[in-house]
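# Architecture and fold: a report
Chain residues, written in single-letter form:
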Amino acid sequence: MSVKKFAKESAVIMTEMVLPNDTNTLNNLMGGKLMHWMDVVAAIAAQKHSNSIVVTASADNISFQQPIALGNVVTLKAQVTRAFKSSMEVIIEVIAEDIPANKKIITNRAFFTFVAVNKDNKPSSIPELVPETAEEIENFEGALRRRQLRLVLAKRMKPEDAVELKSIFNLQG
């Protein structure tokens, strides 16, 4: 497929408020609820890029650095970082805001991978992604290394075939 799309065309911003039903016994947002929101916003970004139904293939290292409190407003930003044949990587950034206190903090950042599928649930081709800004270019270039790491960890690629990873560690291949 020779179609190309700019990274910014997939950008999605989703806003939620942490309500009592979303919290744990410490009145903080439950991790599973946050992961659900991250999956939703990332899937929308992937659909915008691929113009297709998408399925989640992986979620990388979601760590919970800061709690998100009851009443906080949570903004999730997602954008495709790179497209391969049928899969694409999406970055998600989570910002928690205590509006009365006028405080914002970035609480999470993760990469999810989605696969575009056709009506028969088979992988389908997607447009090439064109990064423009310095941040988009950095994410685009790092996506191949992250993809190879995911494939090695899933035992779908031999470590010796992960050329991009070898270059990070100056390993001879």
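For the structure itself, look to the data block above.
Residues numbered from 1 in each chain as written. Predicted model: local features only at pLDDT ≥ 70, side-chain atom pairs only at ≥ 80, totals over all residues. Heavy atoms only, no water.

With that settled, consider the overall build of the protein. The helix and strand tally for the protein stands at 3 helices and 7 strands. Tracing the protein from N to C terminus, the helices and strands come up as β-β-α-β-β-β-β-β-α-α. The C-alpha extent of the protein, read off along each of the three principal axes, is 50 × 40 × 30 Å. Within the protein, buried positions represent 42% of all 173 residues. (Helix = DSSP H or I, 4+ residues; strand = E, 2+ residues; numbered from the N terminus. Buried < 20%, exposed > 50% of the residue type's maximum accessible area, 1.4 Å probe, protein only.)

Another aspect to go through is the packing of aromatic side chains. Inspection of the entire model under this criterion finds 1 aromatic pair. Its end group placed over the ring of F140, R82 keeps NZ or CZ at 4.1 Å from the ring centre. Taking NZ or CZ as reference, R147 lies 4.3 Å from the ring centre of F84, over its face. (Phe/Tyr/Trp six-rings, centres within 6.5 Å; stacked < 30°, edge-to-face > 60°. Lys NZ or Arg CZ within 6 Å of the ring centre and 35° of its normal.)

Here helix α1 (residues 31-50) spans 28 Å end to end across 20 residues, near enough to the 28 Å set by a 1.5 Å rise per residue. For α1, every residue scored as buried is listed here: L34, W37, M38, V41, A42, A43, A45, A46, H49 and S50. Directly beyond the C-terminal end of α1, a positive phi value near 50° is found at N51. (Expected span 1.5 Å × (residues − 1).)

The next point concerns the sheet that holds strand β6 (residues 103-117). Adjacent strands of a sheet form backbone hydrogen bonds with each other and so pair up, either parallel or antiparallel. On the basis of which strands lie adjacent, the open sheet formed by 5 strands has the order β2-β4-β5-β6-β3 and antiparallel pairing. This sheet does not close on itself; its edge strands, each paired only once, are β2 (12-17) and β3 (53-59). Pairs of neighbouring strands in the sheet enclose a mean axial angle of 30°, with direction left out of account. Here β3 pairs with β6 via 6 bridges, running antiparallel. Within β6, the residue paired with V55 across the bridge is V115. Taken strand by strand, α1 contacts β2, β3, β4 (73-83), β5 (87-98) and β6, and its axis lies near 40° from that of β4. Helix α2 (residues 134-153) rests against β3, β4, β5 and β6 of the sheet, and its axis sits at about 80° to β4. (Pairing = 2+ DSSP bridges. Axes fitted to C-alpha atoms, helices over the stretch in contact; angles between N-to-C directions. Contact = heavy atoms within 4.5 Å.)

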